[in-house]
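The residues making up each chain are set out below.
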Amino acid sequence: MELRIQLVSIVAAAGLFVVVFEMVRRRRLLERYALLWLFSALALLGLAIWSGLLERIASTIGIIYPPNALFLIAFGFVLVLLLHFSLAVSRLTDQTKMLAQRLALLEERQSRAGHDVARERADARDEDEAALEPSSRP
Amino acid sequence: MRTDNPRTLAVVPAYNEAETAPEVVRSLHRDAPGVDVVVIDDGSTDATAAAARATGARVIRLPFNLGIGGAVQTGFVYARENGYDRMVQVDGDGQHVAAEIATLAAVMDEDPATDMVCGSRFLGDNGYLAPISRRTGIHIFAFLLSRIVDRPVTDPTSGFRLYNRRAISLFARDYPHDYPEVEAVLMVHHHQLQMREVPVRMLERGGGVSSISSGKSAYYMVKVLLAIFVGLLRRRPVVEPGDASPAPASHGI
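What counts and how
Sequence order as written defines the numbering, with residues in each chain counted from 1. Chains carry letters from A onward and ligands carry numbers from 1 onward, assigned in written order. With the structure being a predicted model, the display of local features is reserved for residues of pLDDT at least 70 and the display and counting of side-chain atom pairs for 80 or more, all residues being used for whole-chain, interface and lining totals. Side-chain figures throughout are based on the complete set of non-hydrogen atoms in the structure, without hydrogens or water. Each helix corresponds to a stretch of at least 4 residues labelled H or I by DSSP, and each strand to a stretch of at least 2 residues labelled E; elements are numbered beginning at the N terminus. Here the term buried applies to any residue with accessible area under 20% of the maximum for its type, exposed to any over 50%, and partly exposed to those in between, with areas from a 1.4 Å probe on protein chains only. Areas reported here follow the Shrake-Rupley algorithm with a probe of radius 1.4 Å; residue values treat only the protein chains shown as occluding. Definition used in this section: a nonpolar core is a set of buried Ala, Val, Leu, Ile, Met, Phe, Trp, Tyr and Cys residues joined via side-chain atoms within 4.5 Å. We call two residues in contact whenever any of their non-hydrogen atoms come within 4.5 Å of each other. The span one expects for a helix is its residue count, reduced by one, times 1.5 Å. The salt bridge definition used is simple: a Lys or Arg side-chain nitrogen within 4 Å of an Asp or Glu carboxyl oxygen. A patch consists of residues exposed above 30% relative accessible area that lack any salt bridge, with like charges linked at up to 9 Å and nonpolar side chains (Val, Leu, Ile, Met, Phe, Trp, Tyr) linked at up to 5 Å. Pairing between two strands is assigned when DSSP locates at least 2 bridges connecting them. Pairs of N or O atoms within 3.5 Å make up the polar contacts considered here, provided that, within protein, one atom can donate a hydrogen while the other can accept it, and that residues adjacent in sequence are counted only when both atoms are side-chain atoms. An axis is simply a line fitted to the C-alpha atoms; with a helix, the fit covers only the stretch in contact. Between two such axes, the angle follows the N-to-C directions and lies from 0 to 180 degrees. Orientation categories follow fixed angle ranges, with anything under 35 degrees roughly parallel, anything over 145 roughly antiparallel, 65 to 115 roughly perpendicular, and all other angles oblique. Put simply, Ala, Val, Leu, Ile, Met, Phe, Trp, Tyr, Cys and Pro go in the nonpolar bin, Asp, Glu, Lys and Arg in the charged bin, and everything else, Gly too, in the polar bin. A pair of Phe, Tyr and Trp rings is counted when the ring centres sit within 6.5 Å of each other, with Trp represented by its six-membered ring. The angle between the planes then sorts it: under 30 degrees is stacked, over 60 is edge-to-face, the rest tilted. Crossovers are described as right-handed under a simple rule: with the strands pointing away from the observer, the path leading from the first strand over the helix to the second runs clockwise. The arc in question is traced by the directions running from the helix axis to the C-beta atoms.

A.B. asks: Explain the overall build of chain A to me, using residue names and the numbers behind them.
C.D. replies: For chain A, the helix and strand inventory stands at 5 helices and 0 strands. Going from the N terminus to the C terminus, chain A shows its helices and strands as α-α-α-α-α. Burial status across chain A gives 30% buried among its 138 residues. Just so you have it, chain A exposes about 9300 Å², and 67% of that area is on carbon and sulfur atoms.

What follows is the structure, given as structure tokens:
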């Protein structure tokens, strides 16, 4: 593999690793979502440094120019990451739905039990919104 | 069990229907006496909740819009937790006729093994004319579902349905997110519940905007078709007690 592209690959993969690691260290990124990123970055870094392995992979799957194999592998990691996030979003959607339902049911039960505060709050909220929507009042 | 006089809950999902939802509640009080009414305000941005509360109905306000599936499921959970024997869905747009609840209930009274009774616009002659595009879609679903469940289903998108305890507890556990009616027919089939259809009158929409606008109908078709075929390949479409939760807290890929 040509030295320039190898250097670019190494710098990019190492940079990705450092950025993700730093985000985890600052608690901006949860470990559970960082693991796949770190694993991807390490795998790409390893292949960029150990170019012999990359060349063997490239020739095995019929890629003439080894850096293209690196791009292909990186693309594979990106797909896995995206799928992972789609799963996470689906799970969050389900959980949010349940929370919204539980909250609404609790609020209704509380207002039925005669908690004045909750009822006043609900009424105030209704009035606020009714005031914002003058056309809906006869 | 009071089989002679079952406790029935009418669930009225309403999203920005301050005009029609109170009218629906009033017609329920008038034409379906003895039926408790709860309005599920699905995160409306207008005065739907206040208007419904003014009619004396109980109102459950979702903090944000969940879509029809999530709203109706709130009704299933409410019915289960408050021990109702039956639940009927009556849309907040005024399309469903309160007096026809008796028609649905008569079917369940006659055959107590029935778990879900669907009001159909296309059985018998009731003068209902949906736009041709929507009718075509409905008939495609009806055709597919009839083949899958191996019995005639004429109006799989009708939301005007009466459920018994078994159906309530099934759907309280798992109800499809959006456009739930067609999938619900499949779930009923997979869980070997009994479904019946009965002809009912339905009105044109009283106002508001349908949850299925023309722009969304292509998405609707594709989404429901996907749900039908995925549902076919599911060994067990719903979580049973003891299964992993449908929305697990743990992390996994």
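A.B. asks: Describe the overall build of chain B, naming the residues involved and giving the relevant values.
C.D. replies: Across its full length, chain B carries 8 helices and 7 strands. The buried share of chain B, taken over its 253 residues, is 56%. If you sum the accessible surface of chain B, you get close to 11100 Å²; carbon and sulfur atoms cover 54% of it.

A.B. asks: Please set out the nonpolar core residue by residue, giving values where relevant.
C.D. replies: All names here are of chain B. Judged by nonpolar contacts, the single largest core of 44 residues is most densely connected at Phe76, Met87, Met116, Tyr163 and Phe171. Setting aside residues up to four positions removed in sequence, phenylalanine 171 forms contacts with Gln73, Phe76, Met116, Tyr163, Ala184, Met187 and Val188. In this structure, Ala14, Ala52, Ala98 and Val117 belong to the second largest nonpolar core, which totals 29 residues.

A.B. asks: Could you give an account of helix α1 (residues 3-25) of chain A, naming the residues involved and the relevant values?
C.D. replies: All names here are of chain A. With 23 residues, α1 ought to run about 33 Å at 1.5 Å a step, and its terminal C-alpha atoms sit 32 Å apart, in line with that. Among the residues of α1, those classed as buried are Gln6, Ser9, Ala13, Val20 and Val24. Elements in contact with the buried residues of α1: α2 (31-49), α3 (51-61) and α4 (66-112). At the exit of α1 stands arginine 27, carrying a positive phi of roughly 60°.

A.B. asks: Before we move on, could you go through the pattern of salt bridges and cite the residues and values that matter?
C.D. replies: Residues and elements named next belong to chain B. Summed over all chains, the structure comprises 17 salt bridges over all chains. A salt bridge links glutamate 23 to arginine 26, with the shortest nitrogen-to-oxygen separation between them at 3.5 Å. Residue glutamate 23 and its partner arginine 26 are located together in helix α1 (residues 21-31), separated by 3 residues, close to a single helical turn. The residue lysine 223 makes a salt bridge to glutamate 183 at a minimum N-O spacing of 2.8 Å.

A.B. asks: Describe a nonpolar patch on the surface, naming the residues involved and giving the relevant values.
C.D. replies: On the surface, Phe75, Val78, Leu79 and Leu82 of chain A cluster together into a nonpolar patch covering about 380 Å² of accessible area. Assignment of secondary structure puts leucine 82 of chain A in helix α4.

A.B. asks: Residue-level account of the pairing of strand β3 (residues 58-61) of chain B, with values.
C.D. replies: A regular strand places its side chains so that they alternate between the two faces of the sheet. By the bridge criterion, 4 bridges tie strand β2 (residues 35-41) of chain B to β3 of chain B in an arrangement that is parallel. Looking across to β3 of chain B, one finds that isoleucine 40 of chain B is bridged to isoleucine 60 of chain B.

A.B. asks: So what about the environment of glutamate 17 of chain B? Which residues, and what values?
C.D. replies: Residues and elements named next belong to chain B. Residue placement: glutamate 17 occurs in the loop between β1 (8-14) and α1. Separated by 28 residues in the primary sequence, glutamate 17 and threonine 45 have C-alpha atoms spaced 9.6 Å apart. A distance of 3.3 Å separates a polar side-chain atom of glutamate 17 from the backbone nitrogen of tyrosine 15.

A.B. asks: Let's hear about the packing of helix α5 (residues 132-149) of chain B against helix α7 (residues 180-190) of chain B: which residues, and what values?
C.D. replies: All names here are of chain B. At a minimum axis separation of 11 Å, α5 and α7 run at an interaxial angle of 5°. By the criterion of interaxial angle, the relationship of α5 to α7 is roughly parallel. Mapping the contact onto sequence places Phe141, Leu145, Ile148 and Val149 in α5 and Val182, Val185, Leu186 and His189 in α7. Taken together, the residues that form the contact of α5 with α7 break down as 7 nonpolar, 1 polar and no charged.

A.B. asks: Go over the packing of aromatic side chains with me, naming the residues and quoting the values.
C.D. replies: All names here are of chain B. The full count for this structure, using the stated rule, is 11 aromatic pairs over all chains. Between phenylalanine 76 and phenylalanine 171, the ring centres sit 5.3 Å apart and the planes meet at 45°, which makes this aromatic pair tilted. Taken together, the residues phenylalanine 76 in helix α3 (residues 68-81) and phenylalanine 171 in helix α6 (residues 165-173) connect sequence positions 95 residues apart. Here the two residues phenylalanine 76 and phenylalanine 171 agree in accessibility, since each one is buried. Seen from their ring centres, phenylalanine 171 and tyrosine 175 are 5.1 Å apart, and the 75° between their planes marks the pair as edge-to-face. Taken as a pair, phenylalanine 171 and tyrosine 175 share a single burial class, namely buried.

A.B. asks: Quick one: what's the story with the environment of alanine 88 of chain A, residue by residue and with numbers?
C.D. replies: Relative to the helices and strands, alanine 88 of chain A resides in helix α4. Residues alanine 88 of chain A and tyrosine 33 of chain A, spaced 55 residues apart in sequence, show a C-alpha to C-alpha distance of 9.3 Å.

A.B. asks: Summarise the pairing of β2 of chain B; cite the residues concerned and give the values.
C.D. replies: Residues and elements named next belong to chain B. Here β2 lies mainly inside the structure; 6 of its 7 residues are buried. Of the strand pairs in this sheet, β1 and β2 are connected by 7 bridges, and their pairing is parallel. Looking at β2, one finds that proline 13 is bridged to isoleucine 40. This β-α-β element, β1 to α1 to β2, shows right-handed connectivity. Traced from β2 through helix α2 (residues 48-54) to β3, the parallel crossover comes out right-handed.

A.B. asks: Any details on α5 of chain B? Residues and values, ideally.
C.D. replies: Residues and elements named next belong to chain B. Taking 1.5 Å as the rise per residue, α5 with 18 residues should run 26 Å; its terminal C-alpha atoms sit 25 Å apart, in good agreement. Along α5, the residues classified as buried are Arg135, Gly137, Ile138, Phe141, Ala142, Leu145, Ser146 and Val149. Along the axis of α5, the buried residues cluster in a sector spanning 165°; they form a single face. Opposite the packed face of α5, turned more than 90 degrees from it, sit the exposed residues Ile132, Ser133 and Arg147.

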